[in-house]
Structure formats: C-alpha cells, structure tokens
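Single-letter residue listing:
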Amino acid sequence: MNQDWWKNAVVYQIYPRSFADANGDGIGDLKGITGKMEYLSKLGIDVIWLSPVYQSPNADNGYDISDYQAIMTEFGTMDDFDEMLAKAHSYGIKIMMDIVVNHTSDEHKWFLESRKSKDNPYRDYYIWRDPKDGKTPNRWESCFSGPAWDYDEATGQYYLHLFAKKQPDLNWDNEKVRNEVYKMMTWWCEKGVDGFRFDVISLISKDPALPDGEEYGNGYTGNNCANGPHVHEYLKEMNQRVLSKYPLITVGECPGVDAEQALLYSGKDSHELNMIFEFEHVSGSRHHQNKYGKWDSEPMTMPELREVMTKWQLQLADNGWNSLFLDNHDQPRCVSRFGNDSEEYRVLSAKMLATCLHMQKGTPYIYQGEELGMTNAGFTSMEQYRDVETLNAYPELKDGVGEEKALEYFRRISRDNARTPMQWDASKNAGFTSGQPWIEVNPNYKTINAQAALEDPDSVFYYYQKLIKLRHEYPIIVDGVYELLAANHPFIFAYTRTLGNQKLYVLCNFLDDYVDIPDDISPCLEGEVLISNYTENTKRELKPYEAVVWLTN
Ligand code: GLC
Ligand code: CA
C-alpha cells in the first residue's frame, strides 16, 4: 500500500450517539452504523472517523473513557464492532478510532485505584497536588468552566482535570502510563483498525511547575498545557512504538498549536503524526475582545477566514499536510455559521462552502449531516441542551449576561448544534430512532433529510459525492500548489491550484448577491467548468453564493 494513501483520502466523521439507532432506545449505536455503510459508500468516502465508542459513563459523550478495550454498553458489543469493521472493509472503507488519552473517566480502574491512597501503585498515573494556601494548586480554569482541580477528601489532595471533573488528566511523564497507552493502541491495530484521531493531543505534556496562564478576569487563568515540554518526545516515542508499524492515517487534535508549530507535529521528518486539526479558522473574529471565551466571540468574516486558511495552506505547502474541515462534533453547523441557512440559500451556500474547502490542499473531513446541509439546532430553552460544556457554562453566563443572551450564544455556538440526530427521512424522529431520541431532532428534518437528498439530483449530497470523486480523479486537487487570488476582495474567496500545465481557478462568492469577478481574474477563465453550484456560469460575475471551479490547460 502507498505509504501516503491518506493524502488522497476523504474522511467522514460519525458521532455514533446521533447517527443511527438500530434498537430503538433513542441512542445511536454500532449496528446503526453498520446499516448505513451502503449510504457512506455511495457518498464515496474513504475513511470513517468514529468518535469514541469505548466503555464510558458519558459525562462527555464518550470522551470520558472507563475502559479502552470494551464497547460502550449503549452502543453494543465488541462483536457488533467487529461486524461493523468487517462491513466497512468490505466496502473499502477504513476505520479511524478516536483515541482520548489526555484524560480518562474518573470511573476508569486506574483512577479508582489512584484515588485510594497516596501510595497506591496507580497514584502517579494522574496529576495530584497539595492544596496551595488552602485552595487549588493553581488558578487554571477547566475548559468546561470552574476550576481545573477537584479536591479529593480521601487523601487531601487535588487532581487535575482540564475538562470535566469526571475527566482526570493522565500523567504522561509516567512511563507506565505511556506504555499502557501504546499497548492499548497496538491492540486496536492488531484488530485491524486503520487509523487514529488523537483527542487534544497537544495538551498531554504539562510543565511540572504548572504555571498560571493568561488572566481571564473571572478569577481564573488559562492553562499553559499546549505544546508542553515533552509533547514531541512522547509523540515520537508513540510513533516509533506503534504508529510506524502499521499503514495508518493519523491526525492530532491540536488546540493552541499555530502553523509553525504544526510542522513539529506533522512535518515530513517529524515522525509524529500525518496531520493535525488546528482551530484558528473556527475561532471567533480577532477584532473582538471576548469576555466569556467562545461564547461571546464574534463570527469570523470571510476575509478573516480566508486569511487564516491561506496562512495554513502556505505554511504547510511543502513540508506538511493540512486537514480540511469546517464542521465537527464540537462546532456549530458550517452552513449556519459561514453560509446562509435560509430556505432560499441553504443549498447554494452549503455547496459553495464545500467547494471552497474541498478544492484546497489537504485531507477533507466531512461531519455527518454536512453532506445534507444540516443546520444549527435552533434550541430555545435550556431543557433542550445536553452538552456538558454548554450546561456548565450556563450559570456564569446567566449571571453575567442574562438568560436570553446566554441562549442566543448557545444557539450560535453550542456543540449541541452539531449533535442533533442525523436526518435520514421524513418519518417520525427523522428516521433516526423508533424510540425517544436522547436529544431533540431538528424540526426541519421533513425537508432536510438523506432520503430527499438521494431523490434530488441537485442535492447537497450529490454535490459532495462529486467533490469526492473529483479528488480521486484529479491529481491537481491533491497535489496542486495553492495560490490566493484577489486577496483583498470583500466577498469573493478565490484561489488557484497549479500542477504542471494545469491550473484550477476556484471562485467562491460568500455574498447573497451578484458580485463582479475582478478584472485580473476573468480573462484567465478558460477551459472547462469542473464543478459549480449553478448550471450556468459567466466569466464576468458570480451569482449569490456561486462557486465555480475552472480547469485550464
Ligand atoms: C476534544 C473533543 C471534545 C471533548 C474534549 C475533551 O476537544 O473533540 O468533544 O469534549 O476533547 O475530551
Ligand atoms: Ca440504540
């Protein structure tokens, strides 16, 4: 197998809880996924990134693992997993596991032991510290609100949790922990999985001094955990001990990593990971001072988005590889965020965004429902939310900005926007479950659903299918050199890709109106239109949300 096969691949992310429920308990499961393999094969994707399916008490929907080698009871059994894996492979689809090893669940046997006593053999698997002046060891805030430390009466010490209380951080400086992780990963590789997505892997190495970070103005500080002192040493070790032994696809989720540091994680000679997920392009506008972290961020404008994406395209052009995404289980829906989810423009703008992303250099990731143009949840009351980040943030926001405003923030940016059930058809609960779904279905499922999309040749689904096919057929889409055009245009995101004598002109209009194509671009538009969301294209102007790709020779 070609070592770099993942450079030609398109990945599809499944959030199993919300994908398809086979047994009617309202929760998606592995059998549900197995039953949809044909649909995925029709879309044409190469790899499934499976959000965590391991045993978990679900404080964070599986990102809190209590047993890495067992399947979550609600999702099925190991037999169901094997069946799903075999089915995927029979369609030529690979499976990428989500590895969450910055932390475990507090119900993992390591932590149950660790908290028993200071001299327990597992004590040092986690990060324990004495109180400082009767308070937490430092002022770090958890990513899910409140202190990043929890006091444990039994031994009179605090343990670190960068996320929820039920997600204690592992101590990666302990060699035993690293060995356990490599052993577990090897076990999955031997089972035949094809890759790993590493959860918050940039955070695993903590500075032993645990220095306070930037002040937040609410009594807490940020943490300084990204790019810690040993992170590259540990990833190289993991690569040597596990990753290099199998033809895997690997991607590290890397909050706090900039485009230069990205090369350390994923450069050609870094011997760490194939690529990383960065977050600069899905953070809010830089022209806004937030008081409440992500909640009161201002949406990014197209020029800001273009600037960040271009920076990453250029920085990783030769010695590196980008992962391309607009959506995942932690982000609001891209059509609601960067496009236009009104009835008039939803389909057009979803296709435009897809074009803008999929014609770039890198490995594209599609999040379940993105290929249908699924929209934000539109929840209007707190009772509808399930996400621990959202629920934990609510009290402080309610006090600070009031209930109405808090709900407005959540409607715009809560993770639950991505977690409403996959919309399969127009029947009750969108065909996701015959029971009561664990989170409400978006009421727009009657029109936005897979069945309707499959029956409509102009659907977002078939557009994604075509984008994937083009990537598989045209080396220029994989390897072409990226160059930005019309760098200061307020509405058009335009770039070229060049390979040999071939050039792609990718033009995307982010405005709900007609826009003239700049004079220095329009004369270049010759040859054939490879793909567009309109049936007719002119070389003079772009229609509302028009996307067009010209292939010239
Ligand atoms: C990652 C996951 C997110 C999870 C967090 C803690 O950011 O994508 O869903 O809550 O890590 O594991
Ligand atoms: Ca189920």
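Here the structure is a predicted model, which is why all the values come from computation and not from measurement.

*Asks:* Would you explain the overall build of the chain in this entry?
*Replies:* Counting its secondary structure elements, the chain contains 15 helices and 20 strands. For 553 residues, the compact-globule formula gives about 24 Å, and the C-alpha radius of gyration of the chain, at 23 Å, lands near that figure. Taking the principal axes of its C-alpha atoms as reference, the chain extends roughly 75 × 50 × 50 Å. The buried share of the chain, reckoned over its 553 residues, is 60%. Across the chain, the fraction of contacts at a sequence separation of at least 24, relative to all contacts at a separation of at least 6, is 70%. When the accessible surface of the chain is summed, it comes to about 21,400 Å², and 47% of that surface belongs to carbon and sulfur atoms.

*Asks:* Before we go on, may I ask you to explain the coordination of the calcium ion (ligand 2) in this structure?
*Replies:* Note on metal geometry: ideal angles are 109.5 degrees for four donors arranged tetrahedrally and 90 or 180 degrees for six donors arranged octahedrally. Each protein donor to the calcium ion (ligand 2) is listed here as D21 (OD), N23 (OD1), D25 (OD), I27 (O) and D29 (OD); together their distances run 2.2 to 2.3 Å. Site description for the calcium ion (ligand 2): donor spacing in sequence, D-x1-N-x1-D-x1-I-x1-D. For the pair I27 and D29, a shared accessibility class is recorded, and that class is buried.

*Asks:* Quick question: what am I supposed to make of the pairing of strand β15 (residues 492-499) here?
*Replies:* Looking down a regular strand, the side chains alternate between one sheet face and the other. Extensive coverage of β15 is indicated by the burial of 6 of its 8 residues. Note that strand β14 (residues 481-485) and β15 share 5 bridges and pair antiparallel. Note on β15: the bridge partner recorded for L484 is Y495. Counting the residues between successive antiparallel strands, the hairpin from β14 to β15 contains 6 residues, one of them, A486, with a positive phi of roughly 45 degrees. Bridge count between β15 and strand β16 (residues 502-509): 8 bridges; the pairing is antiparallel. Among the inter-strand pairings, I492 is bridged to a residue of β16, identified as N509.

*Asks:* Can you help me understand the packing of helix α11 (residues 388-401) against helix α12 (residues 403-413) in this one?
*Replies:* The packing of two helices is summarised by the inter-axis angle and the distance between the axes. α12 packs onto α11 with a crossing angle of 140 degrees between their chain directions and a minimal axis gap of 8 Å. On the basis of the axis angle, α11 is oblique to α12. Considering how the two elements wind past one another, α11 and α12 form a crossing that is right-handed. Within the contact between the two elements, α11 uses T390, Y394, L397, K398 and V401 and α12 uses E403, K405, A406, Y409 and F410. Taken together, the residues that form the contact of α11 with α12 break down as 6 nonpolar, 1 polar and 3 charged.

*Asks:* Before we go on, may I ask you to explain the packing of helix α5 (residues 175-191) against helix α6 (residues 231-241) in this structure?
*Replies:* Packing of α5 against α6 leaves a shortest axis separation of 10 Å and a crossing angle of 40 degrees. Of the two possible hands of crossing, α5 and α6 adopt the one that is right-handed. Where α5 approaches α6, its residues R178, N179, Y182 and M185 are matched on the opposing element by Y234, E237, M238 and R241. Looking at side-chain class alone, the contact of α5 with α6 contains 4 nonpolar, 1 polar and 3 charged residues.

*Asks:* How should the site of ligand 1 be read in this particular structure?
*Replies:* Taken together, 14 residues are adjacent to ligand 1, and D60, D199, E253, H329 and D330 come closest. In this structure, an oxygen atom belonging to ligand 1 sits 2.5 Å away from a side-chain N or O atom of D330. Out of a free accessible area of 300 Å², ligand 1 has 96% covered by protein chains.

*Asks:* Is there a simple way to think about the pattern of salt bridges in this case?
*Replies:* Side-chain pairing between opposite charges can occur once the charged atoms of the two side chains come close. Tallied over the entire structure, the rule returns 31 salt bridges. The residue D4 makes a salt bridge to K7 at a minimum N-O spacing of 3.8 Å. Residue classification places K7 among the buried positions, given a relative accessible area of 17%. The partner of R197 in a salt bridge is E253, and the shortest N-O contact between them spans 3.4 Å. Within this pair, whereas R197 is found in strand β9 (residues 195-198), its partner E253 is found in strand β10 (residues 249-253), the two being separated by 56 residues in sequence. For the pair formed by R197 and E253, the shared burial category is buried. Each of D60, K294, D330, D387, E389, R415 and R419 takes part in a single network of salt bridges with overlapping partners.

*Asks:* What's the story with empty space enclosed by the protein in this structure? I'm lost.
*Replies:* Left-over empty space is what a probe sized like a water molecule reveals as it rolls over the atoms. Using the criterion set out here, one finds 3 cavities of 30 Å³ or more in the structure. Approximately 70 Å³ is the volume found for the largest cavity. E278, H281, M309, W312, Q313, N322, S323, L324, F325, L357 and Q360 are the residues that line the largest cavity. When residues in the lining of the largest cavity are grouped by element, the largest group, 3 residues, is from helix α8 (residues 302-315). Among the residues making up the lining of the largest cavity, the classes are represented as 5 nonpolar, 5 polar and 1 charged.

*Asks:* How should I be thinking about the packing of aromatic side chains in this particular structure?
*Replies:* All told, the structure shown has 34 aromatic pairs when counted by the stated rule. Ring geometry for W172 versus Y234: centroids 6.1 Å apart, planes at 35 degrees, classification tilted. With W172 in the loop between β8 (157-160) and α5 and Y234 in helix α6, this residue pair connects regions lying 62 residues apart in the sequence. The two residues W172 and Y234 agree in class, both being buried. Chaining the aromatic ring pairs together yields one cluster made of Y54, Y68, F81, W110, Y122, Y125, W187 and W188. A cation over a ring is seen here: K94 above W5, with NZ or CZ 4.9 Å from the ring centre. We note K543 situated over the ring of Y534; from NZ or CZ to the ring centre the distance is 5.3 Å.

*Asks:* Got a minute to help me understand the layout of surface pockets in this structure?
*Replies:* In this structure, the second largest pocket encloses a volume near 670 Å³. Surrounding the second largest pocket, 29 residues form its lining, V347, K351, D458, S459 and V460 being those nearest its centre. Counted by class, the lining of the second largest pocket contains 13 nonpolar, 9 polar and 7 charged residues.

*Asks:* Please explain the sheet that holds strand β11 (residues 275-277) as it appears in this structure.
*Replies:* The strands that make up a sheet pair up through hydrogen bonds in the backbone, lying either parallel or antiparallel. Spatial strand order, β11-β10-β9-β5-β2-β1-β13-β12: 8 strands in an open sheet with parallel pairing. Either end of the sheet is taken by a strand with one partner, and the two such strands are β11 and β12 (323-324). Where strand β2 (residues 47-50) and strand β5 (residues 94-99) come together, 4 bridges link them in parallel fashion. By the bridge assignment for β5, I48 is matched with I95.

*Asks:* Hey, could you run me through the environment of E541 in this one?
*Replies:* With respect to the element layout, E541 can be found in strand β19 (residues 541-542). Expressed as a C-alpha distance, the spacing of E541 and Y514, which sit 27 residues apart in the sequence, is 6.7 Å. Those residues in contact with E541 that lie beyond four places of it in its chain are Y514, V515, D516, I517 and E546.

Analysis parameters
Residues numbered from 1 in each chain as written. Chains lettered and ligands numbered in written order. Predicted model: local features only at pLDDT ≥ 70, side-chain atom pairs only at ≥ 80, totals over all residues. Heavy atoms only, no water. Helix = DSSP H or I, 4+ residues; strand = E, 2+ residues; numbered from the N terminus. Rg over C-alpha atoms; globule rule 2.2 N^0.38 Å. Buried < 20%, exposed > 50% of the residue type's maximum accessible area, 1.4 Å probe, protein only. Contact = heavy atoms within 4.5 Å. Areas by Shrake-Rupley, 256 points an atom, 1.4 Å probe, with all protein chains shown as cover. Donors = N, O, S within 2.8 Å, 3.2 Å for Na, K, Ca; no water. Pairing = 2+ DSSP bridges. Axes fitted to C-alpha atoms, helices over the stretch in contact; angles between N-to-C directions. Parallel < 35°, antiparallel > 145°, perpendicular 65-115°, else oblique. Left-handed = near helix turned anticlockwise from the far one by under 90°. Nonpolar A, V, L, I, M, F, W, Y, C, P; charged D, E, K, R; others polar. Near = heavy atom within 4 Å. Polar contact = N/O pair within 3.5 Å; in protein donor to acceptor, adjacent residues only side chain to side chain. Salt bridge = Lys/Arg side-chain N within 4 Å of Asp/Glu carboxyl O. 1 Å grid on protein atoms, 1.4 Å probe; cavity = no way out; pocket = protein on both sides within 12 Å on 5 of 7 lines; lining within 4 Å. Points joined across faces, edges and corners; volume = space filled by probe spheres on them. Phe/Tyr/Trp six-rings, centres within 6.5 Å; stacked < 30°, edge-to-face > 60°. Lys NZ or Arg CZ within 6 Å of the ring centre and 35° of its normal.

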